[in-house]
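This is what each chain is made of:
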Amino acid sequence: MAEVRLSNLSKSFGATKALSDVTMTIPDGAFVVLLGPTGAGKTTTLRLIAGLDRPDAGDVQIAGASVLGDTPAQRDVAMVFQQYSLYPHMSVRDNLAFPLRSPVLNLPEAEIDRQINAVAGVLRISHKLDNKATQLSGGEMQRVSIGRALVRNPRIYLMDEPLSSLDAKLRAELRIELKRIHAEMGATFLYVTHDQIEAMTMATHVGVLDAGRLVQFGTPRDIYDNPHNIYVATRLGQPRINILPATAFGQAPQTAAHIGLRPEHIAVGDGQAATIRRVERLGDQTRLHLVMGSHDLITLTDAHTSHSAGETVHIRPANPLWFDAAGQRIA
Amino acid sequence: MSAYSITEPTLRAKWVAGSIVVLYALITLLPLVWIVLTGFKTPPDSISYPPKVIFSPSMEGYVNLFTTRSRIAADDLAALPPPETWYDQIVRDRDMVIVGPSKFGERFLNSVIIGFGSTALSIILGTLAAYAFSRFRVPLKDDLLFFILSTRMMPPIAVAIPIFLMYRSLGLSDTHLGMILLYTGVNISLAVWLLKGFIDEIPREYEEAALIDGYTRFQAFRKVVLPQAATGIASTAIFCLIFAWNEYAFAVLLTSGTAQTAPPFIPTIIGVGGQDWPAVGAGVTLFLLPVMIFTILLRKHLLRGITFGAVRK
Ligand SMILES: Nc1ncnc2c1ncn2[C@@H]1O[C@H](COP(=O)(O)OP(=O)(O)OP(=O)(O)O)[C@@H](O)[C@H]1O
Ligand SMILES: [Mg+2]
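Peer 1: Looking at this model, I keep getting lost on the overall build of chain A. Mind explaining?
Peer 2: Looking only at helices and strands, chain A has nine helices and 17 strands in total. Taken along its principal axes, the extent of the C-alpha atoms in chain A is 70 × 45 × 35 Å. Counting over 331 residues, chain A shows a buried share of 51%. Sequence separation of 24 or more characterises 62% of the internal contacts of chain A that already satisfy a separation of 6 or more. In the form shown here, chain A has an accessible surface area of approximately 14000 Å², with 49% of it arising from carbon and sulfur atoms. For chain A, the centre of its 33 positive side-chain charges and the centre of its 33 negative side-chain charges are spaced 2 Å apart.

Peer 1: Looking at this structure, how should I read the packing of helix α6 (residues 104-135) of chain B against helix α12 (residues 230-246) of chain B?
Peer 2: Helix-helix packing: each pair is described by the crossing angle between the helix axes and the interaxial distance. Residues and elements named next belong to chain B. Contact geometry of α6 with α12 gives a least axis separation of 9 Å together with a crossing angle of 140°. Considering their axes alone, α6 and α12 lie oblique with respect to each other. In terms of crossing hand, the pair formed by α6 and α12 is right-handed. Every residue of α12 that contacts α6 at F108, S111, V112, G115, F116, S118, T119, S122, I123 and T127 is listed here: I233, T236, A237, C240, L241, A244 and W245. Of the residues in the contact of α6 with α12, the class split is ten nonpolar, seven polar and no charged.

Peer 1: Hey, could you run me through a nonpolar patch on the surface in this one?
Peer 2: Residue and element names in this part refer to chain B. A surface patch of nonpolar side chains, about 470 Å² in accessible area, is lined by L289, M292, I293, I296 and L297. Considering the arrangement of structural elements, one finds I293 in helix α15 (residues 277-304). Note on I293: relative accessible area 46%, which makes it partly exposed.

Peer 1: What exactly am I supposed to notice about the packing of aromatic side chains here?
Peer 2: To describe a pair of aromatic rings, one takes the distance between the centres and the angle between the planes. Residue and element names in this part refer to chain B. Under the defined criterion, the tally for this structure stands at 17 aromatic pairs over all chains. Judged by centre distance (5.4 Å) and plane angle (85°), the ring pair of F66 and F104 falls under edge-to-face. Of this pair, F66 sits in helix α3 (residues 60-66) while F104 sits in helix α6, placing them 38 residues apart in sequence. Under the relative-accessibility criterion, F104 is labelled buried at 0%. When the ring of F116 is compared with that of F294, the centres are 5.4 Å apart and the planes differ by 90°; the resulting orientation is edge-to-face. Of this pair, F116 sits in helix α6 while F294 sits in helix α15; the two residues are 178 residues apart in sequence, bridging distant segments of the chain. Residue classification places F116 among the partly exposed positions, given a relative accessible area of 28%. Judged by its relative accessible area of 16%, F294 is buried.

Peer 1: Help me out: how do you make sense of the pattern of salt bridges in this one?
Peer 2: Side chains carrying opposite charge are able to pair once their charged atoms draw close together. A complete count under the given rule lists 26 salt bridges over all chains for this structure. A:E140 is the salt-bridge partner of A:K128, the closest N and O atoms lying 3.8 Å from each other. With a gap of twelve residues between them, A:K128 in the loop between α4 (109-122) and α5 (138-150) and A:E140 in helix α5 connect regions that are remote in the sequence. Assessed through its relative accessible area of 13%, A:E140 is described here as buried. Salt-bridge contacts for B:R217 lead to B:E207; the nearest nitrogen and oxygen are separated by 3.6 Å.

Peer 1: Sorry if this is basic, but what is going on with the coordination of the magnesium ion (ligand 2) here?
Peer 2: Geometrically, a metal with four donors at the corners of a regular tetrahedron has ideal angles of 109.5 degrees, and one with six donors at the corners of a regular octahedron has ideal angles of 90 or 180 degrees. All names here are of chain A. Surrounding the magnesium ion (ligand 2) are the protein donor atoms T43 (OG1) and Q82 (OE1), which sit 1.9 to 2.3 Å from the metal. Here T43, found in helix α1 (residues 42-50), pairs with Q82, found in the loop between β6 (77-80) and α3 (92-97); they are 39 residues apart in sequence, far enough to count as distant. T43 sits in the partly exposed class, given a relative accessible area of 26%. Residue class for Q82 comes out partly exposed when judged on its relative accessible area of 34%.

Rules used throughout
- Residues numbered from 1 in each chain as written.
- Chains lettered and ligands numbered in written order.
- Predicted model: local features only at pLDDT ≥ 70, side-chain atom pairs only at ≥ 80, totals over all residues.
- Heavy atoms only, no water.
- Helix = DSSP H or I, 4+ residues; strand = E, 2+ residues; numbered from the N terminus.
- Buried < 20%, exposed > 50% of the residue type's maximum accessible area, 1.4 Å probe, protein only.
- Contact = heavy atoms within 4.5 Å.
- Areas by Shrake-Rupley, 256 points an atom, 1.4 Å probe, with all protein chains shown as cover.
- Lys, Arg positive; Asp, Glu negative; His and termini not counted.
- Charge placed at Lys NZ, Arg CZ, Asp CG, Glu CD.
- Axes fitted to C-alpha atoms, helices over the stretch in contact; angles between N-to-C directions.
- Parallel < 35°, antiparallel > 145°, perpendicular 65-115°, else oblique.
- Left-handed = near helix turned anticlockwise from the far one by under 90°.
- Nonpolar A, V, L, I, M, F, W, Y, C, P; charged D, E, K, R; others polar.
- Patch = residues over 30% accessible without salt bridge, like charges linked within 9 Å, V, L, I, M, F, W, Y side chains within 5 Å.
- Salt bridge = Lys/Arg side-chain N within 4 Å of Asp/Glu carboxyl O.
- Phe/Tyr/Trp six-rings, centres within 6.5 Å; stacked < 30°, edge-to-face > 60°.
- Donors = N, O, S within 2.8 Å, 3.2 Å for Na, K, Ca; no water.

Keep in mind these numbers describe shape, not what the thing actually does.
Quick look at the structure:
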């Protein structure tokens, strides 16, 4: 449990700038979700905090003290890796016990057993404890590797897409479970995901990375409602925000080049004529795919709508976001 | 009809493969079987023509291998007290008495010390070097690796004379240490290259996970890398042992007494009192055993293969 402060952090691999000048404060007890496309530098950020890589420039502070001179063990963090997760020559039980048996902790075996059983119960892998690590399904491996982080009580949890290979039901359960652990232990989490629901429901803060830069940092609500640029606006929201030329609906602010309309920010009833190309009924909501002139849009409507494909509707923006030619938000 | 499977061979394929293996085993094992059998024959049986496949086994070869004997006159033989042991009896039957142990035991022990000693040293140094080459940024890495390999490009015996002179002035001739160092020197390049290949295959992420889990780099090496390199270590160890165990040329050149190994000794058995093929057969049989036992002991690691299984992509 500690605050993590990244100051002007940069890291290159040869000619690739994996991270440029990232400054970010992860408050004590926060659950920070890192979003960004592949190659944005998310894993690199975690590795720099864990001490697996050295930054080219900048500083990493945990609980107010720079940790650049510390080994990974001294930093006292736990990490769930994106890829290689389990020690293949050990059983599941030994994998979970490995962090607890480390020379720095020196716990009695009975205590180790107790903690393993507790974590295995939470992650629903109790029946697999005596399997070899290689005799597990992908989702089970992933849960064991989460378990290996959870058995300890480190200063920060670093998790790199920990739920990516689980089915929807298990993912939903573990999301709640991780959130519970976060709330009960007041632990600090830095969590990488591509999943919007994870970002919106679990995060106290969201950091959006793009090409090695931190584009925006704030609460999930803030990132959703007030994106600094088009890129951030497109990261959150399902279906994605509609981006159209600024004048698509008539007048626009002076410097605006694009108008951004979230699907729920399109009012149906009056305004421009648009043709319904497709009606997507998802059960709890219905999506309308529209064509307005030469532009495609998606909007939401109530679940039991009577609209059908081929009809013409009238739409107007409600709550538009305006962006300039460079993609920066202006209003 | 059973279901077709890509991974399960059909019954016919199993039979064909099995027969080929059995045939090959018969061809290669036959000389070996002959040597083992010769060890249990009496000298007349061992040279009888046509060769005897069925014979009454005798321990004479083994007795002769481990003893030195001298022939005595029939009168003196009759005057001796009755033989105390079964092996005294075997020797008396040939009008001889045992005068002492032969050098075979010592030479065999030398082989064990030098063979296993140099194998252990090659593996320890080889694993550490291979790990460093695999994981760390070593200056001139490629040149160093090439240099290490290049020590094997010329047959070792080509440098026999310089080594002979060097060992003489260093006082290493005919010492256990000298032979261990020599065989380690020859084996180390093989060990480094083989083991580097195996360690390269082990993803770094496992060590990184161990570093985060609270272990030092050396502890991570021991607990995470070594167990996963077991296959490589076992097969490299077997290669090293086979070379050191069978090496003949340097052993002839550099050892004559204290540190003489079994290979230069075995041929000398033939010369003692006629051609004693059963003793040679016995000597060769015993000589084969350690490498065989060593390989069988490490079999588990050889067969296990490398596990790429616990990798999530
Ligand atoms: N060890 C390395 N050597 C060379 N380049 C690297 C290395 N690690 C990362 N990179 C590069 O740095 C950039 C950032 O990589 P990083 O792994 O942090 O991306 P990421 O955001 O985690 O992506 P993903 O969502 O695909 O996991 C990428 O362009 C990647 O190719
Ligand atoms: Mg990544």
